[in-house]
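Residue-level structure breakdown
Take a look at the letters that make up each chain.
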Amino acid sequence: MSLEGLVLVLDVGPSMHALLPEIEKVCSMLVQKKLIYNKYDEVGVVVFGTADTKNDLTVEVGGYENVMVLRDVKVVDADLIEALQQLPRGSAHGDFLDAIVVGMDMLIKKYGPTNKGKKRLCLITNALTPIKDPYEGTKEDQVNTVAAQMMTHGMKMDCVIIRANQDWGVKKEIVKENDFLLNVFSTKSSSKKVYVESATSLLGALRTRNISPVTIYRGDFELSSKLKIKVWVYKKTSEEKFPSLKKYSDKAPLTDKFATHEIKVDYEYKSIEDPNRVVPPEQRIKGYRYGPQVVPISSAEWEAVKFKPEKGVKLLGFTGHTRSLSISKSNERYEQSSYYPLCFERQGQANVVIGVLTPNVSEKDNIPDSFYFNVLPFAEDVREFQFPSFSNLPPSMQPNEQQQQAADKLVQMLDLAPSGKEEALQPNLTPNPVLERYYRSLELKSKDPDAAIPPLDETLRKITEPDAELLYQNRAVIEEFHRLFELKENAKLKKSSRRVLREKPSGSSEEGEGISAVGQPMDAIEYTSNVKVEKIGDSNPVQDFEAMISRRDSPEWITKAIQSMKDKIFDLVENSFEGDTYEKALECLGALRKGCIMEQEPKQFNEFLRHLHKFCQEKNLSSFPEYLMSHKMMLISKNEAPESDIPEHEARLLIVKKEPKAEQGS
């Protein structure tokens, strides 16, 4: 089992006192996560900046004052969490280099030459106080010696340097020197350095696990049929998922020390024709959904048609766009025209993917240059979401210049990366707030199963809610936006679309809610639906139509919904008895009209309404066009939808114009 040995090296000096509450939270959270993911990992704690001194090196060789071993390297447990939640407040200025050496000594004595690559130090400090001058050589020489020992013993180190705005009251020469020395660790050893300015960034900077990179492909990168080079492909990022939770049984006797409390789930498949008969595995076959149907495909058929590529990476070509890349190495600068190579990757049993390679020039001498491979989507992966443009709205609903400026200022105010400032909520330093809150609640529940869920922590609140300080500083911008955009309650959202149409049909000339024949502005929120309707039924055709046309999993649903509603209206009109279905047909026609405006398809509605009039004349159903006239159902004009080619005065002609009846006989 590959276990990690970790030593937390924490600065508790006077300049860190204001930050210690957040450090206590993030360090205890780290141990809580280890108890879930890696419960056999071992962790030790070293603090520096204390008035007292307690470490082996002080006894053995002298020196290393103001450094205390708070806990030896041991398997993580609840006691460690409690110790990290009550860190001492030091009164001396600590030496981070002395503390690093004490932490290294603990790991060497614990593991010796073993566990290489799994020994890690984690330094958290603001690095505002100077380290002591060595007896021989320079401070840089001393750091180089320590870094070399780290490499020899296979140790890694994370340096988290906290730099808040109030830190700049100290001497900048000290800060500059300490930053230089910490940078030596980054270049001369397997160390990573990160600067944080907030509690949120600190929470994301502290890594729970030291995840070693694992290659997902080792083989040839085929540049041409005659030129291949060996490459290693690593996964750069991966999703942090919820820990896998298992079901626990409390049915075992409390006296049974060997009870596992595990729950095993068995599934039985039974025949529909004979529910009492269990279907054995050899008589079962997998089914795959294809629309409303389920298509059975046997394992033999699946193997026969399955694409089975060999693993590999092949160059397809280069993008046509050229960029100039300036590279500085060994004090030599030169410019190099670089293309972005396009290549495809065969991922074993997975699908072939096409991607683009972008160069990644390493800043460290001990890490080679590389490429980032970003997967490009195929045409089938693209989802077209059709939304009406704001420019298509009536002039009365277009924003004026003042409103546009107010909206621009509001958006600029909410920029997470304003010029001259550090980007807020950086992806690599922002943890998942859902997972973080889960871990904190789990720790409470482990102590008291009946404990209530605690309120949202202030650090997590800064991730999930707008920055209160930012809102206060820009309150004038927000007030101006409120003044220029009057917020009104949309009463029609309280009722279903079908009920609205029934109360106020399309031809209603009354003011208020409903969909008028002349195309009053409508709210797209009405078309929000989570129900995946695939056809228009008889009981609620309007509701079914709105659910179908609001689907965005495929652009075909809009066309299908419009055509299905046309067919439904024809059926209602043709099969009516003395006009008993006219009201329902009018509701459907009003919904179709509204949908065609929303989806920028006015021509479809106009052509259908003309065709419907002609159809009624041919079938001697003139009572229905008259019914539409009485409710002022008209064509969609250019004023309502810019895509329409019908002026307002022509759209109204359909209401008053009566086509001559077809002559009877010849």
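Worth saying up front: this structure is predicted, and the values here are computed from it rather than measured.

**Here we look at the overall build of the protein chain**
- The helix and strand tally for the protein chain stands at 20 helices and 16 strands.
- Burial status across the protein chain gives 37% buried among its 666 residues.
- Long-range pairs, those at least 24 residues apart, make up 65% of the contacts in the protein chain between residues at least 6 apart in sequence.
- Accessible area of the protein chain: about 41600 Å², with a carbon and sulfur share of 52%.

**Brief notes about the packing of helix H4 (residues 96–111) against helix H5 (residues 139–152)**
- Relative orientation of the contacting elements H4 and H5 amounts to 20°, with a least axis distance of 11 Å. Between H4 and H5, the interaxial angle falls into the category roughly parallel. Judged by the sense of rotation from one axis to the other, the crossing of H4 with H5 is left-handed. Where H4 abuts H5, its residues Leu97, Ile100, Val101 and Met104 lie against Gln142, Val143, Val146, Gln149 and Met150.
- When grouped by side-chain class, the residues that make up the contact of H4 with H5 number 7 nonpolar, 2 polar and no charged.

**Some details on the nonpolar core**
- Counting residues in each nonpolar core, the largest one holds 41 residues, and the members touching the most others are Ile569, Leu589, Leu592 and Leu612.
- Of all elements in the fold, only helix H15 (541–549), helix H16 (556–574), helix H17 (582–598), helix H18 (602–618) and helix H19 (623–630) reach the threshold of two or more residues within this core.
- Excluding residues that lie within four positions of it along the chain, Leu592 makes contacts with Phe545, Ile562, Met565, Lys566, Ile569, Phe605 and Phe608.
- Counting residues in hydrophobic clusters, the runner-up holds 34 residues, among them Val73, Ile161, Leu182 and Phe185.

**Focus on the sheet that holds strand S3 (residues 67–75)**
- Strands sit in the order S3-S2-S1-S4-S5-S6 across an open sheet of 6 strands; the sheet is mixed. Each end of this open sheet is capped by a strand with a single partner; those strands are S3 and strand S6 (190–196). Neighbour to neighbour, the strand axes of the sheet diverge by 15° on average, direction disregarded.
- Sheet analysis places strand S2 (residues 42–48) next to S3, joined by 6 bridges and oriented antiparallel. Residue Val45 lies in a different strand from S3, and its bridge partner there is Arg71.

**Structural notes on the confidence of the model for the protein chain**
- Averaged over every residue, the pLDDT of the protein chain is 80; the share at 70 or more is 84%.
- Within the model, the stretch residues 493–529 combines pLDDT values under 50 with 80 contacts to residues more than four positions away or in other chains.

**Description of the pattern of salt bridges**
- Applying the stated criterion across every chain, the model contains 25 salt bridges.
- Here Glu24 ties to Arg89 by a salt bridge, and the two come within 2.7 Å at their closest N and O atoms. Of this pair, Glu24 sits in helix H1 (residues 20–37) while Arg89 sits in the loop between helix H3 (78–84) and H4, and the two are 65 residues apart along the sequence.
- Here Lys34 makes a salt bridge to Asp41, at a shortest N to O gap of 2.9 Å. Residue Lys34 shares its accessibility class with Asp41, and that shared class is buried.
- In the salt-bridge network here, residues are joined through shared partners; they are Glu4, Lys34, Asp41, Arg120 and Asp158.

**Digging into a negative patch on the surface**
- Among the surface-exposed residues, Glu197, Asp415, Glu422 and Glu423 lie close enough to one another that they form a single negatively charged patch.
- Along the chain, Glu197 falls in the loop between S6 and helix H7 (199–205).

**Quick look at the packing of aromatic side chains**
- Throughout the structure, instances matching the rule amount to 8 aromatic pairs.
- Aromatic rings pair up to connect Phe570, Phe608 and Phe615 into one cluster.
- In this structure, Arg218 is placed above the aromatic ring of Trp232, and the distance from its NZ or CZ to the ring centre is 3.7 Å.
- The ring of Tyr472 has Arg475 lying over it, and the distance from NZ or CZ to the ring centre is 4.2 Å.

**Section: the packing of H17 against H19**
- The contact between H17 and H19 brings their axes to 11 Å, and the two run at 60°. Classed by the angle they form, the pair H17 and H19 counts as oblique. Our pair here, H17 against H19, has a crossing hand that is right-handed. Residues Tyr582, Glu583, Ala585, Leu586 and Leu589 of H17 lie in contact with H19, whose contacting residues are Ser623, Phe624, Tyr627 and Leu628.

**A word on the pairing of S2**
- By the criterion of burial, S2 is predominantly enclosed, with 7 of the 7 residues buried.
- Traced from strand S1 (residues 5–11) through H1 to S2, the parallel crossover comes out right-handed.

**Some remarks on a nonpolar patch on the surface**
- Residues Ile263, Val265, Tyr267 and Tyr269 make up a contiguous nonpolar surface patch of about 460 Å² in total accessible area.
- Within the secondary structure layout, Ile263 lies in the loop between strand S8 (227–234) and strand S9 (286–290).

**As for the state of the cysteines**
- Evaluated as defined, the whole model comprises 0 disulfides.
- Not engaged in a disulfide, the cysteine Cys159 finds its nearest cysteine sulfur in Cys122; these two sulfurs lie 8.4 Å apart.

The rules behind the values
- Every chain begins its residue count from 1, and numbering advances along the sequence as written.
- At least 70 in pLDDT is required for a residue's local features to be given in this predicted model, at least 80 for side-chain atom pairs to be given and counted, and no such filter applies to totals for whole chains, interfaces and linings, which use all residues.
- Side-chain metrics rest on all non-hydrogen atoms present in the structure, leaving aside hydrogens and water.
- Only DSSP runs of H or I with at least four residues qualify as helices, and only runs of E with at least two residues qualify as strands; both kinds are numbered from the N terminus onward.
- Buried residues are those whose accessible area, probed at 1.4 Å on protein chains only, stays under 20% of the maximum for their type, while exposed residues exceed 50% and partly exposed ones sit between those limits.
- Contacts are assigned to residue pairs with any non-hydrogen atoms lying within 4.5 Å of each other.
- Areas reported here follow the Shrake-Rupley algorithm with a probe of radius 1.4 Å; residue values treat only the protein chains shown as occluding.
- Every axis in this analysis is a line fitted to C-alpha atoms, fitted for helices over the stretch in contact. Angles between the N-to-C directions lie between 0 and 180 degrees.
- An angle counts as roughly parallel when it lies under 35 degrees, as roughly antiparallel when it exceeds 145, as roughly perpendicular when it falls between 65 and 115, and as oblique in every other case.
- Crossing handedness follows the turn of the near helix against the far one: under a right angle anticlockwise gives a left-handed crossing, and clockwise gives a right-handed one.
- Ten residue types, Ala, Val, Leu, Ile, Met, Phe, Trp, Tyr, Cys and Pro, are classed as nonpolar, four, Asp, Glu, Lys and Arg, as charged, and the remainder, Gly among them, as polar.
- We define the nonpolar core as a collection of buried residues of types Ala, Val, Leu, Ile, Met, Phe, Trp, Tyr and Cys that are connected through side-chain atoms lying within 4.5 Å of one another.
- Note on pairing: two strands pair once DSSP finds at least 2 bridges between them.
- Every residue carries a pLDDT, the predictor's confidence in it, which falls somewhere between 0 and 100.
- Basic side-chain nitrogens of Lys or Arg form a salt bridge, by our definition, when they fall within 4 Å of a carboxyl oxygen of Asp or Glu.
- Any residue with relative accessible area above 30% and no salt bridge may belong to a patch, with like charges joined within 9 Å and the nonpolar Val, Leu, Ile, Met, Phe, Trp and Tyr side chains within 5 Å.
- Charged residues are defined here as Lys and Arg on the positive side and Asp and Glu on the negative side; His and the ends of the chain fall outside this count.
- In this description, the location of a charge corresponds to atom NZ of lysine, CZ of arginine, CG of aspartate or CD of glutamate.
- Each Phe, Tyr or Trp ring, with Trp reduced to its six-membered ring, pairs with another whose centre is within 6.5 Å; inter-plane angles below 30 degrees give stacked pairs, above 60 give edge-to-face pairs, and intermediate values give tilted ones.
- Cation placement over rings: the criterion is NZ of Lys or CZ of Arg within 6 Å of the ring centroid and within 35° of the ring normal.
- By the criterion used throughout, a crossover qualifies as right-handed when its path from the first strand across the helix to the second strand runs clockwise, the strands pointing away from the viewer.
- In what follows, a disulfide is any cysteine sulfur pair within 2.5 Å.

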